[in-house]
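Secondary and tertiary structure notes
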Amino acid sequence: MPKKMPITQTELDMVARLNSERFSADDLLEISDAVHDIPEDRRDWEGRMFFLAKRFPRQHYRAMAADYRLTAMSALIAKNTLPLGVLPQAPDGSHMVGESVFEAAAMEPLLLRGNEPFFEPESFRRRVLELTETDGKA
């Protein structure tokens with residue numbers, strides 16, 4: 001098993017800088033929709049950052065924070081770790097994602113492992129449950 005390196009001050013500073021960029025659920029939903037309009041063959045990291053750099057001129061950290069939040073959210077969806085807010089995968093491979101998931105992605109602290117953004121899964125799951133409206137009475 002590879003030895004884990006301690007987190008550096010540079011990494012801590014990057015996490016703090018990325019978390020200082022605030023988004024609403026509507027912001028992330030709008031950005032996600034726009035990113036999905038990019039042709040699939042250009043929707044890789046470079047293509048997304050090119051699009052976000054145009055959307056947020058001279059706001060490099062904001063562009064990166066938006067992409068990282070959506071990437072971290074997508075990773076949780078792909079792992080089926082969310083009990084509510086995400087409907088099963090459609091035949092085309094897409095998911096229907098509820099607003100509570102986007103709200104959680106806007107609110108939860110963003111973390112980094114190397115260059116990989118992530119949300120702490122249990123905290124994110126609890127947040128989605130808190131934000132999900134219920135139907136009926138228990």
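Everything discussed here concerns the structure shown above.
Thresholds applied
Position labels on residues start from 1 in each chain and follow its written sequence. Thresholds applied to this predicted model are a pLDDT of at least 70 for local features of residues and 80 or more for the giving and counting of side-chain atom pairs; totals over whole chains, interfaces and linings are not thresholded and use all residues. Working from all heavy atoms in the structure, the side-chain values ignore hydrogens and water. In DSSP terms, a helix is any run of H or I states spanning at least four residues, a strand is any run of E spanning at least two, and both are numbered starting from the N terminus. When a residue's accessible area, from a 1.4 Å probe over protein chains only, is under 20% of the maximum for its type it is buried; when over 50% it is exposed; and in between it is partly exposed. What makes two residues a contact is simply this: any of their non-hydrogen atoms within 4.5 Å. A 1.4 Å probe and the Shrake-Rupley method give the accessible areas. Residues count as covered only by the protein chains that appear here. Each nonpolar core is a collection of buried residues, namely Ala, Val, Leu, Ile, Met, Phe, Trp, Tyr and Cys, held together in the definition by side-chain atoms within 4.5 Å. For cavity detection a 1 Å grid was placed over the protein atoms alone, and a set of points counts as a cavity when a 1.4 Å probe fits there but cannot get out; an open set counts as a pocket when protein lies on both sides within 12 Å along at least five of seven lines, with lining residues being those that have an atom within 4 Å of a point. Grid points are joined across faces, edges and corners, and a volume is the space filled by probe spheres set on the points. Residues are grouped as follows: Ala, Val, Leu, Ile, Met, Phe, Trp, Tyr, Cys and Pro are nonpolar; Asp, Glu, Lys and Arg are charged; every other residue, Gly included, is polar. All axes here are fitted lines through C-alpha atoms, helices being fitted over the stretch that makes contact, and every angle between N-to-C directions spans 0 to 180 degrees. An angle below 35 degrees is read as roughly parallel, one above 145 as roughly antiparallel, one from 65 to 115 as roughly perpendicular, and any other as oblique. Only one rule defines a salt bridge in this text: a Lys or Arg side-chain nitrogen within 4 Å of an Asp or Glu carboxyl oxygen.

1. Side note on the overall build of the protein chain
Each helix and strand in the protein chain was counted, giving six helices and two strands. Within the protein chain, the proportion of its 138 residues that are buried is 34%. Look at the contacts in the protein chain between residues 6 or more apart in sequence, and 59% of them connect residues 24 or more apart. On the protein chain, roughly 9,500 Å² of surface is accessible, and the fraction owed to carbon and sulfur atoms is 55%.

2. Points about the nonpolar core
Of all hydrophobic cores here, the largest spans 31 residues; its most connected members are Ile31, Leu52, Met73, Phe119 and Phe124. When residues in this core are grouped by element, the largest group, nine residues, is from helix H4 (residues 60–78). In contact with Phe119, not counting residues within four places along its chain, are Arg69, Ala72, Met73, Leu76, Ala105, Glu108, Pro109, Leu110 and Phe124.

3. Quick word on the layout of surface pockets
The volume enclosed by the second largest pocket comes to roughly 390 Å³. Lining of the second largest pocket is provided by 16 residues; of these, Ile7, Glu11, Leu112, Arg113 and Gly114 occupy positions nearest its centre. Considering every element that reaches the lining of the second largest pocket, the biggest residue donor is helix H1 (residues 9–19), with four residues. When its residues are assigned to classes, the lining of the second largest pocket shows 11 nonpolar, two polar and three charged.

4. So, the environment of Arg113
Mapped onto the elements, Arg113 comes out in strand S1 (residues 111–113). The exposure class assigned to Arg113 is exposed, which follows from its relative accessible area of 57%.

5. Thoughts on the packing of H1 against H4
Running from N to C, H1 and H4 point in directions that differ by 90°, and their axes come no closer than 9 Å. Between H1 and H4, the crossing angle belongs to the class labelled roughly perpendicular. Where H1 approaches H4, its residues Met14, Arg17, Leu18 and Asn19 are matched on the opposing element by Tyr61, Met64, Ala65, Tyr68 and Arg69. Here the contact of H1 with H4 is built from residues that sort into six nonpolar, one polar and two charged.

6. Considering unusual backbone geometry
Unusually for a residue other than glycine, Arg58 sits at a positive phi of about 60°. The topology assignment puts Arg58 in the loop between helix H3 (45–55) and H4. Under the relative-accessibility criterion, Arg58 is labelled exposed at 77%.

7. Comments concerning the pattern of salt bridges
A full pass over the atoms with the stated rule returns seven salt bridges. In this structure, the salt-bridge partner of Glu30 is Arg55, at a minimum N-O distance of 2.4 Å. Of the two residues, Glu30 is situated in helix H2 (residues 25–36) and Arg55 in helix H3; the sequence distance between them amounts to 25 residues. The class for Glu30 is partly exposed, based on a relative accessible area of 46%. Exposure remark for Arg55: the relative accessible area of 31% places this residue in the partly exposed category. Two residues, Arg48 and Asp67, come together in a salt bridge whose shortest N-O distance is 2.5 Å. Of the two residues, Arg48 is situated in helix H3 and Asp67 in helix H4; the sequence distance between them amounts to 19 residues. Each of the two residues, Arg48 as well as Asp67, counts as buried. Here the salt bridges share partners, and the residues they tie into one network are Arg17, Glu21 and Arg62.

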